[in-house]
Amino acid sequence: MLHACSLAVRRMKNGGRGGSIVNLSTIEAHRAASGFAVYSATKAAVEQFARTLAVEVAPDRIRVNNVAPEFVPTPNLERLAAGEHALADPRSAAIAIPMGRVGHVHDISNCVVFLASGLSSFITGTTLHPDGGTLASSGWFNWPGHGWANYAPADVLERTLEGDS
């Protein structure tokens, strides 16, 4: 990412017409993710780098932004998401993602196209979150039959504990 940005900035400056750089990040750059400390930290660094670079190259009409999606099933992510209650299961997605579904590849690509286009000509140093509202909900879940809560309802916990015995 550093190398690609370096090459892009040099070419955009030499071209004299400005341009747009879009980096991919993740929602994990904005929340703790147990077992993903290094991944989360590096993605947070990508975002801070982009904000700083955006300020540095703004006089050259070069915009730098990020896209930080939530779970989007791709072959690699589907391997990581295996499990009884993974987000790949529509029931789990309906609980964890306010819009009730996981993302689609076109949800992310539409953000990239927007940021690369003239439609975002006054946007730089920011991050778009195609995440179905996950970042906004910040740990609150829509439990079926219970509504929104930032904890597992007692009957859900009881079923989980019964399954462990």
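The residue numbers shown here count from 1 along each chain, following its written sequence. Confidence filtering applies because this is a predicted model: local features only for residues at pLDDT of at least 70, side-chain atom pairs given and counted only at 80 or more, and all residues used for totals across whole chains, interfaces and linings. Remark: hydrogens and water are excluded; side-chain values derive from all non-hydrogen atoms of the structure.

1. Quick word on the side chain of Asn66
By definition, any uninterrupted DSSP run of H or I lasting at least four residues is a helix, any uninterrupted run of E lasting at least two residues is a strand, and each is numbered from the N terminus. As for its position among the elements, Asn66 is in strand β2 (residues 62-67). Residue class for Asn66 comes out buried when judged on its relative accessible area of 0%. By the convention used here, residues are in contact when the closest approach between their heavy atoms is within 4.5 Å. The residues touching Asn66, leaving out its near neighbours within four places in the chain, are Asn23, Val46, Glu47, Ala50, Leu115, Thr126, Thr127 and Leu128. For every residue, the accessible area (1.4 Å probe, protein chains only) is compared with the maximum for its type, and the residue is labelled buried under 20%, exposed over 50%, or partly exposed between those bounds.

2. Some words on the sheet that holds strand β1 (residues 19-24)
Between any two strands, at least two bridges found by DSSP are needed for them to pair. Spatially, 3 strands are ordered β1-β2-β3 in an open sheet, and the strand pairing comes out parallel. The open sheet is flanked by β1 and β3 (127-128), the only strands paired with a single partner. Judged from the 6 bridges that link them, β1 and β2 form a sheet pairing that is parallel. Bridge pairing in β2 links Leu24 to Val67. Running over the sheet, helix α1 (residues 2-15) touches β1 and β2 and is turned about 170 degrees from β1. Think of each axis as a best-fit line through the C-alpha atoms, taken over the contacting stretch in the case of a helix, with angles from 0 to 180 degrees between the N-to-C directions. Lying on the sheet, helix α5 (residues 105-116) is in contact with β1, β2 and β3; it crosses β2 at an angle near 165 degrees.

3. Points about the packing of aromatic side chains
Two aromatic rings, taken as a pair, are described by how far apart their centres are and by the angle between their planes. Any pair of Phe, Tyr and Trp rings, taking the six-membered ring for Trp, is counted once the centres come within 6.5 Å. Such a pair is stacked with planes under 30 degrees apart, edge-to-face with planes over 60 apart, and tilted for the rest. By the definition in use, this model includes 2 aromatic pairs. Here Phe36 and Tyr39 contribute two aromatic rings whose centre-to-centre distance is 6.4 Å and whose plane-to-plane angle is 65 degrees, an arrangement assigned as edge-to-face. Classification of Phe36 as partly exposed rests on a relative accessible area of 42%. Look at Phe141 and Trp143: their rings are 6.0 Å apart centre to centre, the planes differ by 55 degrees, and that puts the pair in the tilted class. On the basis of relative accessible area, Trp143 is assigned to the buried category, the value being 14%.

4. Points about the pairing of β2
Burial within β2 is extensive, with 6 of its 6 residues counted as buried. Taking every second residue as pointing to the same face, both faces of β2 are buried, with Ile62, Val64 and Asn66 on one and Arg63, Asn65 and Val67 on the other. Here is how to tell: hold the view so the strands point away, follow the path from the first strand over the helix to the second, and if it runs clockwise the crossover is right-handed. As a crossover connection, the stretch from β1 through helix α2 (residues 37-57) into β2 is right-handed. By the bridge criterion, 2 bridges tie β2 to β3 in an arrangement that is parallel. The partner of Asn66 across the bridge, within β3, is Thr127.

5. Topic: the side chain of Ser25
Relative to the helices and strands, Ser25 resides in the loop between β1 and α2. Taking the relative accessible area as the measure of exposure, Ser25 reaches 7% and is therefore buried.

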